[in-house]
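A closer look at the structure
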Amino acid sequence: MTGSLHRTVALHDGVTIPQIGLGVFQVPSHEAQPVVEQALGLGYRHIDTAAAYVNEQGVGAAVRASGLPREDLFVTSKLRNGDQGYDSTLRAYDDTLGRLGLDALDLYLIHWPNPSAGRWQDSWRAMERLRDEGRVRAVGVSNFLVEHLTELRDIADAMPAVNQIELHPAFQQADVVAACRAHGIAVEAYSPLGQGAALDDARVLSIAQEVGASPAQVVLRWHLDKGHVVIPKTVSPERMRANADLEGVALSPEHVAAIDALETGTRIGGDPRTFSLSQIR
Ligand SMILES: NC(=O)c1ccc[n+]([C@@H]2O[C@H](COP(=O)([O-])OP(=O)(O)OC[C@H]3O[C@@H](n4cnc5c(N)ncnc54)[C@H](OP(=O)(O)O)[C@@H]3O)[C@@H](O)[C@H]2O)c1
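Right, let's walk through the structure included here. (Residues numbered from 1 in each chain as written. Predicted model: local features only at pLDDT ≥ 70, side-chain atom pairs only at ≥ 80, totals over all residues.)

**Remarks on the overall build of the chain**
Across its full length, the chain carries 10 helices and 10 strands. Computed over its C-alpha atoms, the radius of gyration of the chain comes to 18 Å, within 12% of the 19 Å expected for a compact globule of 281 residues. Taking the principal axes of the C-alpha coordinates as reference, the chain spans close to 55 × 40 × 35 Å. Here the chain holds 281 residues, and 50% of them are scored as buried. (Helix = DSSP H or I, 4+ residues; strand = E, 2+ residues; numbered from the N terminus. Rg over C-alpha atoms; globule rule 2.2 N^0.38 Å. Buried ≥ 20, exposed ≤ 12 C-beta atoms within 10 Å, placed from the backbone.)

**Here's the deal with the sheet that holds strand β7 (residues 136-142)**
Strand-to-strand pairing in sheets goes through backbone hydrogen bonds, with the strands running parallel or antiparallel. Pairing in this open sheet of 8 strands is parallel, and the strands run β3-β4-β5-β6-β7-β8-β9-β10 from one edge to the other. Every interior strand has two partners, whereas the edge strands, β3 (22-23) and β10 (229-230), have only one. Note: strand β4 (residues 46-48) against strand β5 (residues 74-79), 3 bridges, orientation parallel. Bridging across to β5, Asp48 finds its partner in Thr76. (Pairing = 2+ DSSP bridges.)

**Brief notes about the site of the ligand**
Surrounding the ligand, one finds 28 residues, the nearest of these being Gly23, Phe25, Leu193, Ala216 and Lys233. For the shell around the ligand, the class distribution of residues is 11 nonpolar, 14 polar and 3 charged. (Near = placed C-beta within 6 Å. Nonpolar A, V, L, I, M, F, W, Y, C, P; charged D, E, K, R; others polar.)

**Section: helix α6 (residues 174-183)**
Among all positions of α6, only Val176, Val177, Ala179 and Cys180 are buried. Taken down its axis, α6 places every buried residue within 160° of arc, on the same side. When the buried face of α6 is taken as reference, the exposed residues oriented beyond 90 degrees from it are Ala174, Asp175, Ala178, Arg181 and Ala182. Where α6 is buried, its residues contact α5 (146-155), β8 (162-166) and β9 (186-190). Of the residues one or two after α6, Gly184 is the one with positive phi, at around 70°. (Arc of directions from axis to C-beta. Contact = placed C-beta atoms within 7 Å.)

**Topic: the pairing of β9**
Where burial is concerned, most of β9 is hidden: 5 out of the 5 residues are buried. Neither face of β9 is left uncovered, since the one carrying Ala186, Glu188 and Tyr190 and the one carrying Val187 and Ala189 both have all their residues buried. Following the backbone out of β8, through α6 and into the adjacent parallel β9, one traces a crossover that is right-handed. For β9 and β10, the ladder comprises 2 bridges, and the chain directions are parallel. Its bridge partner lying in β10, Glu188 is registered against Val229. (Right-handed = clockwise from strand over helix to strand, strands pointing away.)

**Observations regarding the pairing of β7**
β7 sits mainly inside the fold: 7 of its 7 residues count as buried. Sheet analysis places strand β6 (residues 105-110) next to β7, joined by 5 bridges and oriented parallel. Bridging across to β7, Leu107 finds its partner in Ala138. What joins β6 to β7 is helix α4 (residues 120-132), and the crossover it makes is right-handed. Alignment of β7 against β8, held across 2 bridges, turns out to be parallel. In the sheet register, Ser142 faces β8, and the bridge partner there is Gln164. In terms of handedness, the path from β7 via α5 over to β8 forms a crossover that is right-handed.

**Points about the packing of helix α3 (residues 86-100) against α4**
Where α3 meets α4, the axes come as close as 7 Å, and the angle between the chain directions of the two elements is 50°. Taken together, the axes of α3 and α4 lie oblique to each other. Handedness of the crossing formed by α3 with α4: right-handed. Mapping the contact onto sequence places Tyr86, Thr89, Leu90 and Tyr93 in α3 and Asp122, Ser123, Arg125, Ala126, Met127 and Leu130 in α4. Here the contact of α3 with α4 is composed, by residue class, of 6 nonpolar, 2 polar and 2 charged. (Axes fitted to C-alpha atoms, helices over the stretch in contact; angles between N-to-C directions. Parallel < 35°, antiparallel > 145°, perpendicular 65-115°, else oblique. Left-handed = near helix turned anticlockwise from the far one by under 90°.)

Listed below in structure tokens is the structure:
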């Protein structure tokens, strides 16, 4: 198994998630199967997809073709905004499983709070039902801000196992991370490389030179050291291998502090307060 792929994070519900996964946002459906097969061949065991990525079929085909024991794999998908609501969430879960050709997901997430629709609360109740019936191993949320977690605390039987949020050196969401920590929610960093932007930063480049690693390895090691689950996306086998080869990348406290200081407060993706149905099916 390549480098750091053995690393895991324990979720509060007893489920264990591989700390490094492959994200497949913007991987076209017909490319998803070979890309995921490549990753599985390199030892990746955690794949992050979503109904909205329109590539669950390719992901599922790769998982099934791999011949790997299902219990060795960790597959996440997400409820799209247009399917929020109690019954529609239950239906959407079945549809996702059908497209993947799997019996169950390891993690199912509410993709966005989409607050203007006022339906994530009903979706959460449906997610809890799926979990309680043993149809999904773990349930969580994505793009939830402190205000959403605070509201969720009042209606949830148990807090989400995971909150998957935009998180990279330029956008660290310290308030959301602190709230997750306080509630025992694992922090999963999406766009962990800032969609590539973090790799051009002069400070990251100089640390990379100093420690003899690539800029991507420096940024990903920074995430690991903070305990984040990371799901870097790449279609390149060389990058897949490098992104999971982080054991030899040693960052000093000064390096970590220097990367911490790169915060700009600027998002790449949508703002969870306003990101709505019209922007994602
Ligand atoms: N929950 C949500 O709302 C949400 C939103 C966005 C993303 N996500 C999840 O998070 C995953 C990752 O986020 P992301 O795709 O937005 O961004 P990312 O992983 O930060 O960056 C991906 C970009 O970096 C490049 N890259 C990857 N490894 C590299 C390396 N070693 N050296 C140089 N460039 C490298 C990729 O190019 P190549 O592919 O050409 O290598 C791609 O252009 C997604 O795939 C998805 O699963 C979730």
